[in-house]
Amino acid sequence: MRKKFVLPVVLATIGALLLVASAFAGVSGSTGTNGAVAKKGGTLKVNLSNNDFEFTDPGLAYDTLSWSMLYTTNINLVNYPEKNGQEGGQLYPEGATAFPLVSKDGKTYTFTVRPGLKFSDGTAVTAAAYKRAIERNISPQMGSPVGVNIQFQKVVAGGEDFLAGKTQSISGLSANGQKLTIKLVKPNATLVSIMAMQWFGAIKPNTPYNKGGVVTHPSAGPYYIKSWDVGKSLVEVRNPYYKGTRPANPDQIVFTANTDSDQTLLQVKAGQVDVDAAGPPPTANAALGAQYGINKKQFYVGPTTCILYFALNTSRAPFSNIAARKAAEWGLDRPAITRTLGKYAGKRSDQILVPGVPGFVDYHLYAIKGADVAKAKKIGGSALKGTVTVMHSGSPASIAAGQITAYNLKQMGFDTKDKLVPGSIYYKTLGTKGLDFDIARAGWCADYYDPFDFINVNFDGRSIQDANNVNFAYYNNATLNAAMDKAANLAGAARSKAYAALDLSIMKNYAPWVPYSSLNDVFFTSARVSNWVYSSYFGEPDFNALAVG
Amino acid sequence: MFPFLVRRILWAIALFLATTVITYLIFFIIPADPAALACGKACTPADVARVKHSLGLDLPVYQQYWNYLVRLLHGNLGTSFVNRQSVNHIIGSTAPVTASLVFGGAIFWLLLSIPLGVYSALHPRSVGDRAGMTFVLFGISAHPVWIGLILSYIFGYVLRNFVIHTPIAGYCEAISPPFGSSCGGPVQWAYHLILPWTTFMVLFAALYVRLVRANVMETLTEDFVRTARAKGAGESRVMVQHVLRNSLLPVVTILGMDIGLALGGAIFTESIFGLPGLGRRVLTAYNQNDLPVILGVVVFATVAVIIFNLVVDMLYAVIDPRIRLA
C-alpha cells in the first residue's frame, strides 16, 4: 500500500520541480555559448557526411540524425530544452500544460495538452494528435521500430492486442479534447522520459498508416518539413503558426545528404556550408582545437549518451572467472584505447552510466589513467592463462583498439587471437549466443535519458535469447536481476540513487564490461554561426537554435 | 545481320539472369539478417519473425528470387529495406546524376585523348609526345580520390577568391531544382561538374591516349596507307579517311565496355564530390545490407552495360563486314 501511495507523490513532486525549472527555461529562450541574443534569419546549411535521414515520419524514424531533425519540427508532451550542458537534459512539459497526473496505483497517466498549439497548416493540436502518434507507433500497418525496440506495446494496456491486429484501437489510450489518458499494464517510471522520444510527437489525427512513412507532413514545432528529396536534400522552413518559446532562428534549414567529410571541412572553412552533422574528420580535430580553442568559437566538443566498452564473455573461461574480469579492468589501457577515436572524441571512463544521465556519479574504480599490469597480474593470478579471442569490427579505430587490447592482454599473461567482423553485421554477430569470442569492442547509446536504458537493458540476464542480444557479456545473475527490478520501480531521487549504487555495484562486484570511454561529439562551424546549442541527447546541435542571420 | 542480333540479345538475357542470381546468392551467403538489422536493438525472436514476414524474407530463397523476377517483369524493382522507398524512385532520381558524370566524363576523355594520342603518334619521342606519356603515367597511377581531393582543394578552396575557381563539392540539378536549393539550371549544373568530370576522365583519358597512339602508329605502317599516299592523296585525307577511321575502330569497342566499367568507377568520384548518384547510393546500400537497392542498381547497371555493348556490337557489325560474316 505504501509503495502505491509513494510513487505518484514522488512523481508529482518531481513534476512540479521540473515545471518550475521549465518556467525558467521557457522565459529565457535559447542561450548559446556566448549568451548573446540570437540573430534571426538566413539559411542554415547543414551537410550530412556519409549519412542521410532514414525517415521523416516520426512513427518510423529511429536514428539520432532523424531525431535531431524531427526535434525541430515536433512538439512532444514533454521535451528537452535548447540548453547547453546538464540543463539540456532536464525535461519540461512542452505540448502538455504540466507533467502528467499519475493515479495512485501508478498505472494511469493523464496529460493535458496545451491549448492554442497549431500545426503548420493552421489546425489545432489536441490530445487526439498524441493518441494518433502512439497508435501509429504500435500499429501493425506501420511496422514501426517502437514496438520492437522499447517494447512499448507491452507498456500501454491493450498495446499487444493492437499490434497483433486483434483490436482496432488501443484500449489503454483515450483522447478527449485536450485530455490524453494512458493506462499502463504496470507502473513504469520511465513513461515520461519515453514521451520525450521523437516517436511521440504530435501528428495530425488523420495521418494515415503507411509502411513507407509520410514524407512531408504538417507539424507543430518551430519548423516543418517543406521538401525531402531522398538521398539529396531536406528543407525545413519556419512554422508560421508556432507561437511557443522555443527558438526558430534561421528562416530555413537545408540539409544536404551523403556529402564527403573532407570536402565539407573545406566548405565550412570557406563559409559555403555552416556545419557538418557528422562532425569534421577526426584527423582534423587537433588542428581545429589548436586554432579555435574548445567551445569558444567555431570548434565545439560535447558529451553524448554513448558509452564505449569491451564486453567480457562471462559465459566461458577465462572471463567466467571474476578474477580474470577484474584483472582486465586494471590491465587494459583506457587512455590509449580512447585515443584511437581521435583527439577530443571521448573521455576516459570506467563505469556504465555517462555524465548527464540520472544516477551518474563519477567513480574511479579502476585504471583510468593507464594500464596497471602489475596490479592486473596480482588480481588475476592463475586465471590469466589460455587464449583470448579479441573481437572487433573493421573500422580503423576498432582495429587499433583491438590491437591495443591484445597487447595489454599479452602483457597480463594471455595469448590472443584476433577476430575481425565487418561493421555491417558486427552487432548481429555479437548478439548471437554461443559465439566464439572472449572480449569484444562494443558501444551503447541510450534511446532515452534514463539509467534503465543503460543498466537493465544491458545486464538483465533473463532477456538473453538465442540471437539479437544486447547483453554482450551474456551475464545473468539472479541477485543483480532482482536489484535492477527494484531500481526500475523507483522514481525521482530514490531512483537516481539506486542506479548510482547499481552502476558502482555492477562494476565493482561483477565487472562484466571494461568501459573505456564516454563518447564526445565534435563539431566545426562556419564563422557566421552563433548561438551554439548542443544536445547531448541527440549528439547533434539544436539546429533551430543556431543563428546565421 | 538479323541472326547476329538475335544471338546477341539471347546472350544478353542469359547474362542478365546470371548477374541477378549471383547478386541474390551473394546476399544470402553473407551472414547478415536484414530483418534483425531493421528490427533494431534487443528484438525478440517474435519481433524478428514479424519483420521478416513484413519484408517478405520468411519465404525460401528460390521463391523470393522468383517473386523478384515476376516483380521485375512488371517494372517493379521493389522497396528499400532501410527507408522503404521505392527502388524505382531511387534509381530514377540517382541515375541522371551518374549519367551526367559518366557521359560528360566520356566526352571529356575522348576530346582530350584522341588529339593527344594522334599528336603523340605523329611526333614520336618529341617533347609533346613525352609530355603526353607523362600524363598517361600520372593518370594511370593516381587514384581518383586523391585527384579529386587535390583538385577541389586547389580550385575550390585555395583559389576561391580568384576569378578562376570552382565549387568545392556538391551537385546542382540542371532542370527543376528542388525547393531551397542554392543553385540550379544547366550552367550551374555544368559548373558544379567541372571538377568531377576532370577527376573522372583522367584515368580513362590516360588509357585512351595510349590506345589511340598505338593504333595510329600501327595503322600508319599499313600497306593501304602507303598505297593511298602513292596514289597522291593529301596528308589530311590520308589521316582522316584511312588512318583515323581504322585506328578508332577499337576505340569504339572499348568505349562501349568502358562506359559500363565507368559506372563502377563513378563511386569514387561521386563520393568525393558528394554527387547523389548511383555509385554513392549503392555504397550506402551495401553498408546497410539493403538488398533491394543493391539489386536495383545491379540490374540497372547490367541492363545499361548490355545495351551499350549491344549498340557497339551492332555498330561494329555495320562498320566492319568481317564481324557479320563471323
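If you're wondering where the values come from, they're calculated on a predicted model, not measured in any experiment. Chains are numbered independently. Their residues run from 1 in the order of the written sequence. All chains are assigned letters beginning with A, and all ligands numbers beginning with 1, in the order in which they are written. Predicted model: local features are reported for residues with pLDDT of at least 70 only, side-chain atom pairs are reported and counted for 80 or more only, and whole-chain, interface and lining totals are derived from all residues.

**Student:** What's the story with the overall build of chain A in this structure? I'm lost.
**Tutor:** Scanning chain A for helices and strands turns up 16 helices and 19 strands. Here the C-alpha radius of gyration of chain A, 24 Å, is about what a compact globule of 549 residues would show, namely 24 Å. Across its three principal axes, chain A shows a C-alpha extent of roughly 70 × 65 × 40 Å. Here chain A holds 549 residues, and the buried ones make up 58% of them. Taking contacts inside chain A between residues at least 6 apart in sequence as the whole, the part at least 24 apart equals 72%. Under the DSSP-based scheme used, a helix requires at least four consecutive residues in state H or I and a strand at least two consecutive residues in state E, with every element numbered from the N terminus. Radius of gyration: C-alpha atoms only; globule rule: 2.2 Å multiplied by the number of residues to the exponent 0.38. With C-beta atoms placed from the backbone, the exposure class of a residue follows from how many other C-beta atoms lie within 10 Å of its own: 20 or more, buried; 12 or fewer, exposed; in between, partly exposed. Contact between two residues is assigned when their C-beta atoms, built from the backbone, lie within 7 Å.

**Student:** What am I meant to see in the interface of chain A and chain B here?
**Tutor:** Of the residues lining the interface, 38 residues belong to chain A; the matching set on chain B comes to 44 residues. Counting residues per element, the ones that place at least two in the side of chain A that touches chain B are α4 (145–149), β8 (223–229), β9 (233–238), β10 (252–259), α7 (261–269) and α13 (426–430) of chain A. Considered class by class, the residues forming the side of chain A that touches chain B number 12 nonpolar, 18 polar and eight charged. Under the scheme applied, nonpolar residues are Ala, Val, Leu, Ile, Met, Phe, Trp, Tyr, Cys and Pro; charged residues are Asp, Glu, Lys and Arg; polar residues are all the others, including Gly.

**Student:** Mind showing me how you'd approach the sheet that holds strand β7 (residues 179–183) of chain A here?
**Tutor:** The pairing of strands in a sheet comes from backbone hydrogen bonds and takes either a parallel or an antiparallel form. Residues and elements named next belong to chain A. Strand pairing is assigned whenever DSSP identifies at least 2 bridges connecting the two strands. Ordered in space as β4-β5-β7-β6, the four strands form an open sheet in which the pairing is antiparallel. This sheet does not close on itself; its edge strands, each paired only once, are β4 (101–102) and β6 (173–176). Note that β6 and β7 share four bridges and pair antiparallel. Note that in β7 the partner of L173 across the bridge is I182.

**Student:** Would you mind showing me how to read unusual backbone geometry here?
**Tutor:** Negative phi values dominate among residues other than glycine, just as trans dominates among peptide bonds. Geometrically, the link from A:A317 to A:P318 is a cis peptide bond, its omega value of 5° lying close to zero. Mapped onto the secondary structure, A:P318 falls in the loop between β12 (299–312) and α9 (322–331). One non-glycine residue, B:S176, lies in positive phi territory at about 40°. Among the secondary structure elements, B:S176 is positioned in the loop between α7 (144–158) and α8 (186–220).

**Student:** How should α7(B) be read in this particular structure?
**Tutor:** Structurally, the α-helix is built with 3.6 residues per turn, so residues lying three or four positions apart point the same way. With 15 residues, α7(B) extends 20 Å from end C-alpha to end C-alpha; this agrees with the ideal 21 Å at 1.5 Å per step. B:S152 marks the point of greatest bend in α7(B), at about 25°. Buried positions along α7(B) lie against α7 of chain A together with α8 and α11 (249–273) of chain B. The span you would expect from a helix comes to 1.5 Å times its residue count less one. The bend at a residue is defined as the angle formed between two axes, one fitted to the seven residues ending at that residue and one fitted to the seven starting there.

**Student:** Teacher, can you tell me more about the sheet that holds β10(A) here?
**Tutor:** Residues and elements named next belong to chain A. With mixed pairing, the five strands of this open sheet are ordered in space as β8-β9-β10-β1-β11. Where the open sheet ends on each side, the last strands, each with one partner, are β8 and β11 (275–276). The angle between two axes is taken between their N-to-C directions and runs from 0 to 180 degrees, where each axis is a line fitted to C-alpha atoms and a helix contributes only its stretch in contact. Here helix α2 (residues 64–73) sits on the sheet and contacts β1 (43–49), β8, β9 and β10; the angle it forms with β8, its principal contact strand, is near 135°.

**Student:** Help me understand α9(A) in this model?
**Tutor:** Residue and element names in this part refer to chain A. Summarising burial for α9: eight of the 10 residues are buried, a large majority. Taken as a whole, α9 has its buried residues at A324, R325, K326, A327, A328, E329, W330 and G331. Where α9 is buried, its residues touch β12, α11 (373–380), α12 (396–412) and β17 (513–524).

**Student:** Explain the packing of α9(A) against α11(A) here, please?
**Tutor:** The description of two packed helices rests on the angle between their axes and on the distance between the axes. Residues and elements named next belong to chain A. For the pair α9 and α11, the least separation of the axes is 8 Å and the interaxial angle reads 175°. The angle between α9 and α11 places the two elements in the roughly antiparallel class. Contact residues: A323, A324, K326, A327, W330 and G331 in α9; V373, K375, A376, I379 and G380 in α11. Convention used here: angles under 35 degrees read as roughly parallel, angles over 145 as roughly antiparallel, angles from 65 to 115 as roughly perpendicular, and any remaining angle as oblique.

**Student:** Sorry if this is basic, but what is going on with the nonpolar core here?
**Tutor:** A general tendency of soluble globular proteins is for nonpolar side chains to be buried together. Residues enter a nonpolar core if they are buried, belong to Ala, Val, Leu, Ile, Met, Phe, Trp, Tyr or Cys, and are joined to the set through C-beta atoms within 7 Å. Among the nonpolar cores identified, the biggest contains 225 residues, and A:Y130 and A:F310 are the most heavily contacted of them. Considering every element that reaches this core, the biggest residue donor is α8(B), with 14 residues. With near-sequence residues (within four places) excluded, A:F310 lies in contact with A:L332, A:T405, A:I439, A:A440, A:R441, A:W513, A:V514 and A:Y516. One finds B:A36, B:C39, B:V48 and B:V51 within the second-largest nonpolar core, a separate group that totals six residues.

**Student:** Help me understand the pairing of β1(A) in this model?
**Tutor:** Successive side chains on a regular strand alternate, one facing one side of the sheet and the next facing the other. Residues and elements named next belong to chain A. For β1, the tally of buried residues reaches six of seven residues, placing the bulk of the element in the interior. Inspection of the sheet shows β1 paired to β10 by seven bridges, in the parallel sense. When the bridges of β10 are listed, L44 appears paired with I253. As paired strands, β1 and β11 are joined by two bridges and run parallel to one another. Within β11, the residue paired with V46 across the bridge is V275.

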